[in-house]
Amino acid sequence: MVEKICFVGAGSMAESIISGILHNQFLMSSQIVATNKNNRERLDGLQHRYDIDVTTDRKYAIDGADIIMLATKPYDIVDAINQVKSHVKPNQLIISVVAGIATGFISERLGENVPVVRAMPNTSASIGFSATAITAGENAGAADLELAESLFKTIGLTTIVDEGDMHTVTGISGSGPAYFYYLVEAMEKAALKAGLDNAVAIQLITQTIIGAGEMLKHSGDPASVLREKITSPGGTTQAAIETLEANDFQQTVMDCVESARKRSIELGEKWK
Ligand SMILES: NC(=O)C1=CN([C@@H]2O[C@H](COP(=O)(O)OP(=O)(O)OC[C@H]3O[C@@H](n4cnc5c(N)ncnc54)[C@H](O)[C@@H]3O)[C@@H](O)[C@H]2O)C=CC1
Ligand SMILES: O=C(O)[C@@H]1CCC=N1
């Protein structure tokens with residue numbers, strides 16, 4: 001039973017999770033407190049939007065929290081940990097969504113007894129559609145992982161992975177929504193260039209991406225089969241896919257995921 005959750009870091013990802021857990025009534029707004037580096041205006045904005053508790057007082061934020069969610073940028077994590085360290089107790093579960101940063105790195109700084117779960121959600125959490133991977137650090141037991149899982153399940157699909165896979169997951173589903181938004185931006189530009197009304201284009205593209213997602217989820221067919229079913233010989237889709245192939249689309253996407261994965265590894269190394 002979670003009584004209080006504290007967000008250390010109150011940016012985009014924290015807001016997506018806050019919005020999601022309130023939307024799904026995992027917690028009430030009075031059970032959520034958020035603190036950030038030093039941006040009172042941002043905290044006031046969150047309080048206004050979600051009616052949550054906000055503070056710049058780290059002790060007040062941490063006291064009595066069952067879960068402490070670390071949601072700063074990787075380069076701020078050491079400062080953030082140092083500022084809360086003296087207030088954290090071994091019965092509090094630390095969940096970090098910080099890209100690249102290992103659970104061991106966090107527990108070394110907070111004290112070996114503190115359980116740490118590492119998670120990689122995405123911003124679709126704000127509407128309950130995150131794809132989240134979680135992994136337990138050495139001091140986190142089954143109950144800690146279960147607690148983290150129950151939280152993330154309220155904001156989307158949640159799966160447990162080995163910590164070694166977290167960098168790959170970051171390149172796939174953590175950054176993933178951005179790849180689809182980038183594709184949508186390109187389709188919008190193409191539609192606009194061809195003279196289609198922008199509102200119509202946005203409506204059609206959005207429904208197309210939702211429909212494709214639902215087909216992947218429910219049809220039972222793999223992506224390659226679904227694609228083939230659209231591709232009539234000598235037809236429009238074939239012409240389109242040939243253009244993608246001529247421009248090494250699949251290799252580009254594979255390189256893109258690999259760049260994110262490598263960057264996640266680098267972030268972990270850099271802030272050691
Ligand atoms: N934005 C995304 O789609 C996703 C982000 N993440 C991870 O979540 C983390 C946060 O990302 P965003 O929310 O996008 O960044 P952001 O820049 O929007 O938010 C970072 C927050 O950390 C706060 N902060 C900085 N230093 C602090 C300190 N010493 N103590 C307390 N708070 C401090 C900042 O004031 C800010 O509120 C990153 O590590 C990122 O890798 C993970 C999955 C997806
Ligand atoms: O770009 C980033 O570093 C974060 C991690 C995953 C999504 N956004």
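Residues numbered from 1 in each chain as written. Chains lettered and ligands numbered in written order. Predicted model: local features only at pLDDT ≥ 70, side-chain atom pairs only at ≥ 80, totals over all residues. Heavy atoms only, no water.

1. A few points about the site of ligand 2
Step number 1: Contacts to ligand 2 come from A99, G174 and S175.
Step number 2: In isolation ligand 2 offers 250 Å² of accessible surface; the protein chains occlude 46% of this area. (Near = heavy atom within 4 Å. Areas by Shrake-Rupley, 256 points an atom, 1.4 Å probe, with all protein chains shown as cover.)

2. Re the confidence of the model for the protein
When pLDDT is low, close inspection of the predicted coordinates is not appropriate.
Step number 1: Confidence in the prediction for the protein averages 96 pLDDT; 99% of positions are at 70 or higher.
Step number 2: If you check the scores for this complex, the pTM reads 0.96 and the ipTM reads 0.99. (pLDDT = per-residue confidence, 0-100.)

3. Focus on the packing of helix α7 (residues 166-174) against helix α12 (residues 249-270)
Step number 1: At a closest axis distance of 8 Å, the pairing of α7 and α12 adopts a crossing angle of 135°. With respect to their mutual orientation, α7 and α12 come out oblique. Note on packing geometry: the crossing formed by α7 with α12 is right-handed. For the pair α7 and α12, contact is made by H167, T168, T170, G171 and I172 and by V257, A260, R261, S264 and I265, respectively.
Step number 2: Across the contact of α7 with α12, the residue classes break down as 4 nonpolar, 5 polar and 1 charged. (Axes fitted to C-alpha atoms, helices over the stretch in contact; angles between N-to-C directions. Helix = DSSP H or I, 4+ residues; strand = E, 2+ residues; numbered from the N terminus. Parallel < 35°, antiparallel > 145°, perpendicular 65-115°, else oblique. Left-handed = near helix turned anticlockwise from the far one by under 90°. Contact = heavy atoms within 4.5 Å. Nonpolar A, V, L, I, M, F, W, Y, C, P; charged D, E, K, R; others polar.)

4. Things to note about unusual backbone geometry
Step number 1: If you check the backbone angles, Q25 has positive phi at about 55° while not being a glycine.
Step number 2: Inspection of the secondary structure assignment puts Q25 in the loop between α1 (12-23) and β2 (32-35).
Step number 3: If you check the backbone angles, D51 has positive phi at about 65° while not being a glycine.
Step number 4: With respect to the secondary-structure elements, D51 resides in the loop between α2 (40-50) and β3 (53-54).
Step number 5: Judged by its relative accessible area of 56%, D51 falls in the exposed class. (Buried < 20%, exposed > 50% of the residue type's maximum accessible area, 1.4 Å probe, protein only.)

5. Regarding a nonpolar patch on the surface
Step number 1: Taken together, the side chains of F180, L183, M187, I209, I210, L244, F249 and V253 define a hydrophobic patch exposed on the protein surface, amounting to about 640 Å² of accessible area.
Step number 2: Among the elements of the structure, α8 (176-193), α9 (198-218) and α12 are those that each provide at least two residues to the nonpolar patch.
Step number 3: At 3 residues, the largest contribution of residues to the nonpolar patch is made by α8.
Step number 4: Structurally, V253 is set in helix α12. (Patch = residues over 30% accessible without salt bridge, like charges linked within 9 Å, V, L, I, M, F, W, Y side chains within 5 Å. Salt bridge = Lys/Arg side-chain N within 4 Å of Asp/Glu carboxyl O.)

6. Things to note about the sheet that holds strand β7 (residues 130-136)
Step number 1: If you walk across this open sheet you meet the 8 strands as β3-β2-β1-β4-β5-β6-β7-β8, and the pairing is mixed. Both outer strands of the open sheet, β3 and β8 (156-160), are each paired with one neighbouring strand and no more.
Step number 2: Examined bridge by bridge, strand β1 (residues 5-8) and β2 share 4 bridges and lie parallel to one another. Looking across to β2, one finds that I5 is bridged to I32.
Step number 3: Lying over the sheet, helix α5 (residues 103-110) contacts β4 (67-70), β5 (93-96) and β6 (116-120), oriented at roughly 140° with respect to β6. (Pairing = 2+ DSSP bridges.)

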